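Residue strings, one per chain:
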Amino acid sequence: MAGKKKRSGRAAAPLLLVGTRKGLFLLGGDAGRKAWRVSPPHFLGHIVNHAILDPRDRRTLVVAARAGHLGPTVFRSTDRGRTWKEASRPPAFPKAREGEAGLVVAHVFWLTPGHAAEPGVWYAGTSPQGLFRSADGGDTWQGIDGFNANPMRTAWVGGLQEAPPDGATLHSINVDPRDPQHLYIGMSAGGVFESTDGGARWQPLNKGIAADFLPDPDAQYGHDVHCLRISPVDPDVLYHQNHCGIYRLKRPGDRWARIGERMPKPVGDIGFPMVLHPRDPRTAWVFPMDGSTVWPRTSVGGKPAVYGTRNGGASWQKLAQGMPAKDAWWTVKRQAMCADARDPVGLYFGTTSGEVWASADEGRRWRCIARHLPHIYSVEAVEA
Amino acid sequence: MNNVLIPAPLRSYTGNRSQVAAVGATLAEILGDLDHRYPGIRFRMIDEQDAIRQHIKIFVNREQVRRLDAPVATTDEVIIITAISGG
């Protein structure tokens, strides 16, 4: 049965790629998304920031990893994780001239497959903020000089003092499905930037975004984007979860609307992930966290909940059935929440306390499908 | 030919061997030869600015070296150690 489905191109079963502070775990689900099984760890002891299955061949896995003692690297598998090879040239900044300080990649933080028309192309974002491209399935990586060597880069991203506590990152690399040359990126810190020529030139895209840590209320850049997503079904629609709220942008406009203003005031609109519906550009989900006082970044009041909108952010619904009603102080990081492509859409998130929660009905009901994992950094849903 | 001691976190590159041979007159050459024999091992301990990474310590005959241009004699033993790091 399953074999027939695979041959006809239909999905057989969902698979979650769970990157953690101590390795990569694969959660395999049954076709009904009811029973889930956790694999043994891959790269046990490695910090796995992100793991992606190439949607173009559904075979190549690319993993961003480093270990406590060892430098950052990328691992690749062309047989869905049975065997692994390390990138022969991982992302690295150029060697600085004698007497000058050069940048050093501390983490490969984010991975994005390239456009469907460019098989083998991948993008990586690093900490500190760097943008890299591979044209050979993640084996060798080259810096995109239009960003990394841009004379404005330091002004855009700020100095080390402006970096978040866990390090500054370039993330949320989005490729316009209509045009491989059209790229968006998000940075903590730096803000949203856009390129229409494959990364040679970049423009800030931060109008309307609050930055209460900057003196200029209309700053062009320096904002703290937590997660930026382009709608796969209407690529003129972008959503993003920011350090200072939830935003939506309709292109060709360039001014973001703070749709988080419509969230319940006691909950607020602070969080890390931003998840979009695969077929409906008006539907999105977030996981609000406490951004008050000293920024606890835990579920608000110890009462975890996903919030969803069906109308582009005009209104939000609380989606928490099945989650603990109290005493659950969860943190969900920016790569750690995602949607699958099924109908109804499945939603998934992982906590820093090592639990994975899933909903098979677009957020109405939730249940825990894995616990006792290490601190979770990323959750990606694919079809196996 | 120099004897190089490999710490456990890097032995996935050396076929789980804790001691391997490498050739060079400086630490840079030793590490270059090591990377030629075991591709990828150098970047895990030396960053792109040729600095020894934070949690890596390298000793030549039990003397810690911090620069890659440190001379290494043919009989010297090179010891690579992963230092203490947190959870």
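Quick caveat, the model's predicted, so the values are computed rather than measured.

Q: I'm lost on the overall build of chain A in this one. Help?
A: Scanning chain A from terminus to terminus reveals three helices and 26 strands. Computed over its C-alpha atoms, the radius of gyration of chain A comes to 20 Å, within 12% of the 21 Å expected for a compact globule of 384 residues. Overall size of chain A, expressed as C-alpha extent along the three principal axes, is 60 × 50 × 40 Å. Residues classed as buried in chain A amount to 50% of the 384 residues present.

Q: I would appreciate a short explanation of the overall build of chain B in the present structure.
A: Within chain B, the regular secondary structure consists of two helices and five strands. Counting from the amino terminus, chain B carries its helices and strands in the arrangement β-β-α-α-β-β-β. The principal-axis extent of the C-alpha atoms belonging to chain B is close to 40 × 25 × 25 Å. The 87 residues of chain B split such that 26% are buried. Long-range contacts, defined as pairs at least 24 residues apart, comprise 49% of the intrachain contacts of chain B with a sequence gap of at least 6.

Q: Would you explain helix H1 (residues 27-37) of chain B in this entry?
A: Given 3.6 residues to a turn, an α-helix orients residues that are three or four positions apart in the same direction. All names here are of chain B. The set of residues buried in H1 consists of Leu27, Ile30, Leu31 and Leu34. Taken down its axis, H1 places every buried residue within 95 degrees of arc, on the same side. Packed against the buried residues of H1 are strand S1 (2-5), strand S2 (19-22), helix H2 (41-45), strand S3 (56-60), strand S4 (63-65) and strand S5 (77-82).

Q: Help me understand the confidence of the model for chain B in this model?
A: Should the pLDDT be low somewhere, the predicted coordinates at that spot are not to be read in detail. For chain B, the mean per-residue pLDDT works out to 95, and 99% of the residues sit at or above 70. We note a pTM of 0.95 for the whole complex and an ipTM of 0.93 for its interfaces.

Q: Looking at this structure, I do not really get the sheet that holds strand S2 (residues 23-29) of chain A. What am I missing?
A: Neighbouring strands of a sheet are bound in pairs by backbone hydrogen bonds; such pairs are parallel or else antiparallel. Residue and element names in this part refer to chain A. Pairing in this open sheet of four strands is antiparallel, and the strands run S3-S2-S1-S26 from one edge to the other. Since the sheet does not close on itself, it has two edges, and those belong to strand S3 (36-38) and strand S26 (376-383), each with one partner. With direction set aside, neighbouring strand axes in the sheet form an average angle of 20 degrees. For strand S1 (residues 14-20) and S2, the ladder comprises six bridges, and the chain directions are antiparallel.

Q: Please explain the pairing of strand S23 (residues 347-350) of chain A as it appears in this structure.
A: When a strand is regular, its side chains alternate between the sheet's two faces. Residue and element names in this part refer to chain A. Residues Leu347 and Phe349 line one face of S23 and the alternating positions Tyr348 and Gly350 line the opposite face, and both faces are buried. In this structure, strand S22 (residues 337-339) lies alongside S23, joined through three bridges in antiparallel fashion. Residue pairing across strands places cysteine 338 opposite tyrosine 348, the latter belonging to S23. Summarising the sheet, S23 and strand S24 (residues 356-359) pair through four bridges and their orientation is antiparallel. Residue glycine 350 lies in a different strand from S24, and its bridge partner there is valine 356. Taking the residues that link successive antiparallel strands as the turn, the S23-S24 hairpin has five residues, and the phi of glycine 354 there is positive, at about 85 degrees.

Q: When you look at the interface of chain B and chain A in this model, what are you seeing that I'm missing?
A: Many descriptions give the size of an interface as the accessible area lost when the pieces come together. The partner chain A presents 16 residues to the 15 residues of chain B that form the contact. Considering only residue class, the side of chain B that touches chain A consists of five nonpolar, five polar and five charged.

Q: Looking at this structure, how should I read the nonpolar core?
A: If you look at soluble globular proteins, the nonpolar side chains tend to sit buried side by side. Core analysis: the biggest nonpolar cluster contains 106 residues, and Val18, Val63, Tyr348, Val356 and Val379 of chain A have the highest contact counts within it. Looking at which element gives the most residues to this core, the answer is strand S13 (residues 183-195) of chain A, with seven residues. When neighbours within four sequence positions are excluded, valine 63 of chain A is seen to be in contact with Leu24, Val48, Ala51, Val74 and Phe75 of chain A. Within the second largest apolar cluster, 20 residues are counted, among which are Leu70 of chain A together with Val4, Ile6 and Met45 of chain B.

Q: Whenever I open this one, the sheet that holds strand S11 (residues 142-143) of chain A confuses me. Can you help?
A: Residues and elements named next belong to chain A. Overall, antiparallel pairing links the four strands, which are arranged S8-S9-S10-S11 in an open sheet. Both edges of this open sheet fall to strand S8 (107-113) and S11, since each of them pairs with a single strand only. Bridging between strand S10 (residues 130-134) and S11 involves two bridges; their strand directions are antiparallel. Looking at the pairing, phenylalanine 132 lines up with glycine 143 of S11.

What counts and how
- Residues numbered from 1 in each chain as written.
- Chains lettered and ligands numbered in written order.
- Predicted model: local features only at pLDDT ≥ 70, side-chain atom pairs only at ≥ 80, totals over all residues.
- Helix = DSSP H or I, 4+ residues; strand = E, 2+ residues; numbered from the N terminus.
- Rg over C-alpha atoms; globule rule 2.2 N^0.38 Å.
- Buried ≥ 20, exposed ≤ 12 C-beta atoms within 10 Å, placed from the backbone.
- Contact = placed C-beta atoms within 7 Å.
- Arc of directions from axis to C-beta.
- pLDDT = per-residue confidence, 0-100.
- Pairing = 2+ DSSP bridges.
- Axes fitted to C-alpha atoms, helices over the stretch in contact; angles between N-to-C directions.
- Nonpolar A, V, L, I, M, F, W, Y, C, P; charged D, E, K, R; others polar.
- Core = buried A, V, L, I, M, F, W, Y, C linked by C-beta atoms within 7 Å.

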